[in-house]
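Below are the chains, spelled out letter by letter.
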Amino acid sequence: MSGVRHIPVMAREVVDALQPRDGGRYLDGTFGAGGYTAAMLDRADCQVIAIDRDPDAIAAGQALAERYAPRLRLIEGRFGDMADLLAAEGVEDVDGVALDLGVSSMQFDQADRGFSFRASGPLDMRMEKNGPSAADLVNETNETELADIIWRYGEERRSRRVARSIVEARRAKRIETTGELAEIVRRAVGPQGRDESDPATRTFQALRIAVNDELGELERGLAAAEQVLAPGGRFAIVSFHSLEDRAVKEFVRARAGRTPGPSRHAPPGAGGRPATLRDLTRKPTLPSPEEVAANPRARSARLRVAEKLGAGGAA
């Protein structure tokens, strides 16, 4: 992973939201290159437990762990399992949780990981480097299910046409590289406008989400983050597309008692539940124009923050 420049998105805003304090303990659920972790450790004399499902990220992070020893612990695993992973470390709760969703810059920039079509590489996309790959999905899934995946996770309007083209192409030979798949999708979708993204973008996003069960992992991670937070603790979550942002927004809204139903101030009754979170960002925080200019990948980022309430709904 050396030589890959990583710029953490909205790092200042994330750390400002979490308000690290001396003696506090925080969890970075998507360690990546350690941008959020380092920012928290630099902000306060605190501890950070960092999780990543990518073994390459954990291996590359050892130098950072040594630099901040003994305040940083690295754990290989999924953030959806954070409660169990923390329990295995003898940790009951944390004062803050940071999540940077989706593929990391390092994964995206390495052609051999197969996340990007910018340089042709093996059609892989597995964050954990095990289990079924994107090539398995593309070559073995039936046309109807493939179209559903591309529509549901990529919001690609021409999903049926793309799926049909993929199935036709794989009859001749197995689709093995990102370059092959990108060309098939581009021909199916047709040319885009000058300011639009590459025609293959939505299909690649859909396959990546499906291969890594990213939305299922997010659902588990949100529930786990609420569970491990100490009263008054916060989670800060950066998402990069509407499916992620919508899931975070709806979770926080439900836990803050803002879904249709009984008033959050009324005694809990049948069908009602007391509020457990305070929504601190009714509208998501967006990256500054300066950050987008310096790091174009930040342009679609959305930050949402929530605070865990204590007993009786008081922080």
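Just so it is clear, the model here is predicted, and its values are computed rather than measured. (Residues numbered from 1 in each chain as written. Predicted model: local features only at pLDDT ≥ 70, side-chain atom pairs only at ≥ 80, totals over all residues. Heavy atoms only, no water.)

A. Representation of the overall build of the protein chain within the structure. Broken down by element type, the protein chain carries 14 helices and seven strands. Across the 315 residues in the protein chain, those meeting the buried criterion constitute 50%. Sequence-distant contacts, at least 24 apart, represent 67% of the contacts inside the protein chain between residues at least 6 apart. Surface summary for the protein chain: the accessible area is close to 15,000 Å², and the carbon and sulfur share equals 47%. (Helix = DSSP H or I, 4+ residues; strand = E, 2+ residues; numbered from the N terminus. Buried < 20%, exposed > 50% of the residue type's maximum accessible area, 1.4 Å probe, protein only. Contact = heavy atoms within 4.5 Å. Areas by Shrake-Rupley, 256 points an atom, 1.4 Å probe, with all protein chains shown as cover.)

B. Geometry of the sheet that holds strand β2 (residues 47–52). If you walk across this open sheet you meet the seven strands as β3-β2-β1-β4-β5-β7-β6, and the pairing is mixed. Here the strands that pair on one side only, and so sit at the sheet edges, are β3 (72–76) and β6 (277–279). With direction set aside, neighbouring strand axes in the sheet form an average angle of 20 degrees. The pairing of β6 with strand β7 (residues 302–308) spans three bridges and is classified as antiparallel. Bridging across to β7, L277 finds its partner in K308. Strand contacts of helix α2 (residues 35–43): β1 (25–28), β2, β3, β4 (94–100) and β5 (229–239), with the helix running at about 175 degrees to β2, the strand carrying the most contacts. (Pairing = 2+ DSSP bridges. Axes fitted to C-alpha atoms, helices over the stretch in contact; angles between N-to-C directions.)

C. Just the packing of helix α8 (residues 143–154) against helix α9 (residues 159–172), in detail. The interhelical angle for the contact between α8 and α9, taken along N-to-C directions, is 135 degrees, at an axis separation of 8 Å. The pairing of α8 with α9 is recorded here as oblique in orientation. Two packed elements cross with a definite hand, and for α8 against α9 that hand is right-handed. From α8, E143, L146, A147, I150 and W151 reach across to α9, where they touch S159, R160, V162, A163, R164, I166, V167 and R170. Looking at the contact of α8 with α9, its residues break down into eight nonpolar, one polar and four charged. (Parallel < 35°, antiparallel > 145°, perpendicular 65-115°, else oblique. Left-handed = near helix turned anticlockwise from the far one by under 90°. Nonpolar A, V, L, I, M, F, W, Y, C, P; charged D, E, K, R; others polar.)

D. Broad picture of helix α12 (residues 214–228). Between the first and last C-alpha of α12 there are 20 Å, a value that for 15 residues agrees with the 21 Å anticipated at 1.5 Å per step. Within α12, burial applies to E214, G216, E217, L218, G221, L222, A224, A225, E226 and V228. (Expected span 1.5 Å × (residues − 1).)

E. Inspection of the side chain of E13 at higher detail. Looking at the element boundaries, E13 is found in helix α1 (residues 11–18). Within the structure, the side chain of E13 is placed 3.3 Å from the side chain of R12, a separation counted as a polar contact. (Polar contact = N/O pair within 3.5 Å; in protein donor to acceptor, adjacent residues only side chain to side chain.)

F. Fine view of the packing of aromatic side chains. Tallied over the entire structure, the rule returns zero aromatic pairs. Positioned above the aromatic ring of Y153, the side-chain terminus of R152 is 5.4 Å from the ring centre. (Phe/Tyr/Trp six-rings, centres within 6.5 Å; stacked < 30°, edge-to-face > 60°. Lys NZ or Arg CZ within 6 Å of the ring centre and 35° of its normal.)

G. Representation of unusual backbone geometry in the model. Of note, the bond from A69 into P70 is cis; its omega dihedral lies within 30 degrees of zero at 0 degrees. Looking at the secondary structure, you find P70 in the loop between α4 (62–67) and β3. The backbone of Q19 sits at a positive phi, close to 50 degrees, despite the residue not being glycine. Following the sequence through the fold, Q19 ends up in the loop between α1 and β1.

H. Seen up close, the confidence of the model for the protein chain. With 87% of its residues at a pLDDT of 70 or more, the protein chain shows a mean pLDDT of 89. This model gives residues 261–271 a pLDDT under 50, and the stretch forms six contacts once residues within four places in sequence are excluded. (pLDDT = per-residue confidence, 0-100.)

I. Main features of the pattern of salt bridges. All chains considered together, the criterion is met by 27 salt bridges. Put simply, R12 and D16 hold a salt bridge, and the shortest N to O gap is 3.5 Å. Separated by four residues within a single helix, R12 and D16 lie in helix α1, roughly one turn from each other. Judged by relative accessible area, R12 falls into the exposed class, the value being 52%. Salt-bridge contacts for R73 lead to E89; the nearest nitrogen and oxygen are separated by 3.1 Å. (Salt bridge = Lys/Arg side-chain N within 4 Å of Asp/Glu carboxyl O.)

J. Summary view of the nonpolar core. Within the largest apolar cluster, 30 residues are counted, with the highest numbers of intra-cluster contacts made by V14, L72 and V238. The leading source of residues in this core is α1, at five residues. Ignoring anything within four residues of it in the chain, the contact list for V14 reads V9, Y36, A98, A236, V238 and L303. Ranked by size, the runner-up nonpolar core spans 29 residues in total, among them V138, L146, I150 and I184. (Core = buried A, V, L, I, M, F, W, Y, C linked by side-chain atoms within 4.5 Å.)

K. The arrangement of the pairing of β7 in detail. Taken across its seven residues, β7 has six buried, putting it largely inside the fold. In this sheet, β7 lies alongside β5 in antiparallel orientation, the contact comprising six bridges. Within β7, the position partnered with F235 by the bridge is A306.

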